[in-house]
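Descriptive analysis of the structure
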Amino acid sequence: MNAPELLLTAEELAKRNGLKQTKPRVAAKLALIAEMEARGEISPIIRLEKSYLCNFHCTHCSAEYYMDRHLDKVLKVVDTRRKMDMDDVRRLSREADELGLARFVITGGEPLVMKDFDAVVAAIDPDMHYIVTDTNGWFLDAEQARHLKAIGVDKVQLSLDSYIEQDHDTFRNKPGSYKRVMRAIDASLDAGLNLILATVLVKGRARTQEFRDLCQFVENRGIGLYVSYAKPSGACSDHPELVIDKADADAVRALEKEFSVFTHMTPSYGSFKGCITVKGIITVTSTMEVTPCPYIDFSIGNLRETPLKEVLARGMRNPWLGPYRPDCLIGEDPKFIAIHAEKTHGVSFLPVPWGKGFSEADSVVADLAAPARAPAALFDEYGRCVPETGSGAVPAITRRWFVVEQPEIDYAGIHARAETHLGRAGLPSADEFARRAQAILARLGGRPETADIVRGVGVPFLLPKADHQDIGEALETHYLGAVRGAFEASLPDYDFVNHVKASLAGTLSVAPGSRHERLIEAMARDAVVGYYFPCLNEYSIPAALARIASLPDDFLLAGAYDTCAALVGNPGLLLRENGYPPLLWLAALAGDRVDAGLHFEAYGPDLTFNHRVHFGQPAEYWTSGLVVLG
């Protein structure tokens, strides 16, 4: 069994093995997705919106403004753009296959009202791709389910927006639709179709008994529940009261531990994509425009003008879409939501074309002024380490969307957790620890060039005396366990999850130029007192290493032991109730790949440890730490 298969459940593995028998080419491509993503390549699902015909008129519909009925009855305009035909579908299928892509979703509208649905399936080619169809379930009876299976459809995604019959029918504006969905569930399973239910999460719903009952229902039936966030786009843009907040998203993340419930943000099969724009999904509209998710009405290219490969590359270059981020771009980022609302306002024919919505000139921070700092200062008013002039691997300014919040410093508590979880060898007393840590702050604050670092986030830490010969082995056998122990003891309702399955022994060394060897040498002599500053916001790993060379000699780049100690002392450092923190790179460590690294990251209220490809690039969500010893 290979590494990706180890991440599959027994049921998922059985389905994968069954697919090998019926669709060997599709199964082979699906099996390679994890390897592609480990190399930093992408394998998005392709949503195909050939038709927007629909027998429902839902309040929250993201496709409503694309529909002929809206253009005709509301805007009173005629869409003369050329529409997708079967040659377009066949060409897209071939281009996708050449890129190793394996998954198509036929959507709309309501796909099962399409007269040419069977022809679309054939044009995609069931022997070449895994085919899913969305449906509201109205027409999905036993006969139709058997027909879908017979023509090569693999999976059905069926919409159910409340476990309470009247609420679902009201939300969908279609009396009787709940009963039709329940019929469709049985019909799909009886026909041997893979099945998931899809439900729209509106503000506050995640914490209701109704939602929990729905989660329990799908668990009992042995199917998954895909949760789609209500977002301020399409018809839902007129209903901001429905749009979720982070508390809703975190509530679903907590429920993932109990039920087969997931969102587009949920890690799956060992893949951690965060917001899946371009990386995990694209939509091809009826006019062959490509949008980076079902809810963003900006095109990243038209497939009649630009090959799929270049459209995807263009999307990944975009600073909003390409870099990893833990929040939903169109559902949670107020800056992007405002840009989207402004550029789509008054536009009759969506999506907004490439160059007028998204473009190569996009910037997340173009409208921001640089934070204040003294001319010679190395840190700005927020404590961020100021990039050197002309440094291309780190943005000059940030909008501070992903930040660590300063915890209250409890020296006695930090000392006690260090003793309990890291060890007592040579540790100073709690009073001596506090004195030495405060002396570090006084020293930094007394130098004009470093004074502003103490205005930012910083936490003191303790490390017992230790002489480790293998960084990876020590991290794996001791320090990660210490982080887990401190986190789960301090936050018993939450979990620490180590997603790194391969052994770290013999894989890690000190990155040249990081100065991190000084911490390791100091630990070998005696216990260490230090201060950890997560202040290299949005730096690439190479930029962080380069910046160390021009900082005062007492600054070191943070690695494994010091970052773990900072989290042992302050277990909730990466938890934010009303916003998202960055991930913390162990930037001072070099591994088997120069373009990948290890990091700590919050997932809702949990703390995780993982590895990720970074390609030496900066991202809004990246942060590395500086350490000063005392």
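See above for the structure.
Here is what the cut-offs are and how they apply
- Residues numbered from 1 in each chain as written.
- Predicted model: local features only at pLDDT ≥ 70, side-chain atom pairs only at ≥ 80, totals over all residues.
- Heavy atoms only, no water.
- Helix = DSSP H or I, 4+ residues; strand = E, 2+ residues; numbered from the N terminus.
- Rg over C-alpha atoms; globule rule 2.2 N^0.38 Å.
- Buried < 20%, exposed > 50% of the residue type's maximum accessible area, 1.4 Å probe, protein only.
- Core = buried A, V, L, I, M, F, W, Y, C linked by side-chain atoms within 4.5 Å.
- Contact = heavy atoms within 4.5 Å.
- Axes fitted to C-alpha atoms, helices over the stretch in contact; angles between N-to-C directions.
- Left-handed = near helix turned anticlockwise from the far one by under 90°.
- Nonpolar A, V, L, I, M, F, W, Y, C, P; charged D, E, K, R; others polar.
- Phe/Tyr/Trp six-rings, centres within 6.5 Å; stacked < 30°, edge-to-face > 60°.
- Salt bridge = Lys/Arg side-chain N within 4 Å of Asp/Glu carboxyl O.
- Polar contact = N/O pair within 3.5 Å; in protein donor to acceptor, adjacent residues only side chain to side chain.
- Arc of directions from axis to C-beta.

Along its length, the protein carries 20 helices and 19 strands. In terms of C-alpha radius of gyration, the protein reaches 26 Å, essentially the compact-globule figure of 25 Å for 630 residues. Counting only C-alpha atoms and orienting by the principal axes, one finds that the protein spans roughly 75 × 50 × 45 Å. Each of the 630 residues in the protein was classed as buried or not, and the buried ones make up 57%.

A word on the nonpolar core. Looking at soluble globular proteins, one finds that nonpolar side chains tend to be buried together. Ranked by internal contacts, the top residues of the largest apolar core, which has 179 residues, are Leu463, Leu475, Tyr479, Tyr561, Phe600 and Phe609. Of the residues forming this core, the biggest block, 9 residues, is contributed by helix H17 (residues 471-490). The contacts of Tyr561, once residues within four sequence positions are left out, are Leu463, His468, Asp470, Ile471, Ala474, Tyr479, Leu519, Ile520 and Met523. By size, the runner-up hydrophobic cluster in this structure holds 9 residues, among which are Leu30, Ile33, Ala102 and Val105.

Attention shifts here to the packing of helix H15 (residues 411-421) against helix H16 (residues 430-445). The contact between H15 and H16 brings their axes to 9 Å, and the two run at 115 degrees. Judged by the twist between their axes, the crossing of H15 over H16 is right-handed. Of the residues in H16, those touching H15 at Tyr411, Ala412, Ile414 and His415 are Ala430, Phe433, Ala434, Ala437 and Gln438. Split into classes, the residues belonging to the contact of H15 with H16 amount to 7 nonpolar, 2 polar and no charged.

What follows covers the packing of aromatic side chains. One pair of aromatic rings is described through two measures. These are the centre distance and the angle between the planes. In total, this model carries 18 aromatic pairs according to the counting rule given. Here the aromatic rings of Trp320 and Phe336 are separated by 5.3 Å at their centres, their planes lie at 55 degrees, and the arrangement is tilted. Here Trp320, found in the loop between helix H12 (308-317) and helix H13 (329-332), pairs with Phe336, found in helix H14 (residues 334-344); they are 16 residues apart in sequence, far enough to count as distant. Neither Trp320 nor Phe336 differs from the other in exposure class; each is buried. With 5.8 Å between their ring centres and 35 degrees between their planes, Phe379 and Phe555 make a pair best called tilted. Taken together, the positions of Phe379 in the loop between H14 and H15 and Phe555 in strand E14 (residues 555-557) put the pair 176 residues apart, joining distant regions of the chain.

Next up on the list: the pattern of salt bridges. Applying the stated criterion across every chain, the model contains 44 salt bridges. With a shortest N-O distance of 2.4 Å, Glu165 and Lys179 are connected by a salt bridge. Within this pair, whereas Glu165 is found in helix H8 (residues 165-171), its partner Lys179 is found in helix H9 (residues 177-190), the two being separated by 14 residues in sequence. The exposure class assigned to Glu165 is partly exposed, which follows from its relative accessible area of 30%. Judged by relative accessible area, which is 55%, Lys179 ranks as exposed. The closest approach of N and O atoms between Asp250 and Lys246, which form a salt bridge, is 2.7 Å. A residue pair is termed a helical-turn pair when its members lie 3 or 4 positions apart in one helix, as Asp250 and Lys246 do in helix H11 (residues 246-255) at 4 residues. The same class applies to Asp250 and to Lys246, which are both buried. The structure contains a network of salt bridges with shared partners spanning Arg325, Asp327, Asp333, Arg399 and Glu620.

In this section: the side chain of Ser93. Here Ser93 is to be found in helix H5 (residues 86-98). At 2.6 Å, the side chain of Ser93 and the backbone oxygen of Ile124 are in polar contact. Setting aside anything within four residues of it in sequence, one finds Ser93 in contact with Phe104, Ala123, Ile124, Asp125, Met128 and His129.

Our focus in this paragraph is the side chain of Lys23. The topology assignment puts Lys23 in the loop between helix H2 (10-22) and helix H3 (24-38). Within the structure, the side chain of Lys23 is placed 3.2 Å from the backbone oxygen of Pro126, a separation counted as a polar contact. In this structure, Lys23 is in contact with Pro126, His129, Gly152 and Asp154, ignoring residues within four places of it in sequence.

Along H12, the residues that are buried comprise Leu308, Val311, Leu312, Arg314 and Gly315. An end-on view of H12 places all buried positions within 160 degrees of arc, on one side of the element. Buried-residue contacts for H12 involve strand E1 (45-48), H5, strand E8 (281-284) and strand E9 (290-291).

That is the geometry; function is a separate question.
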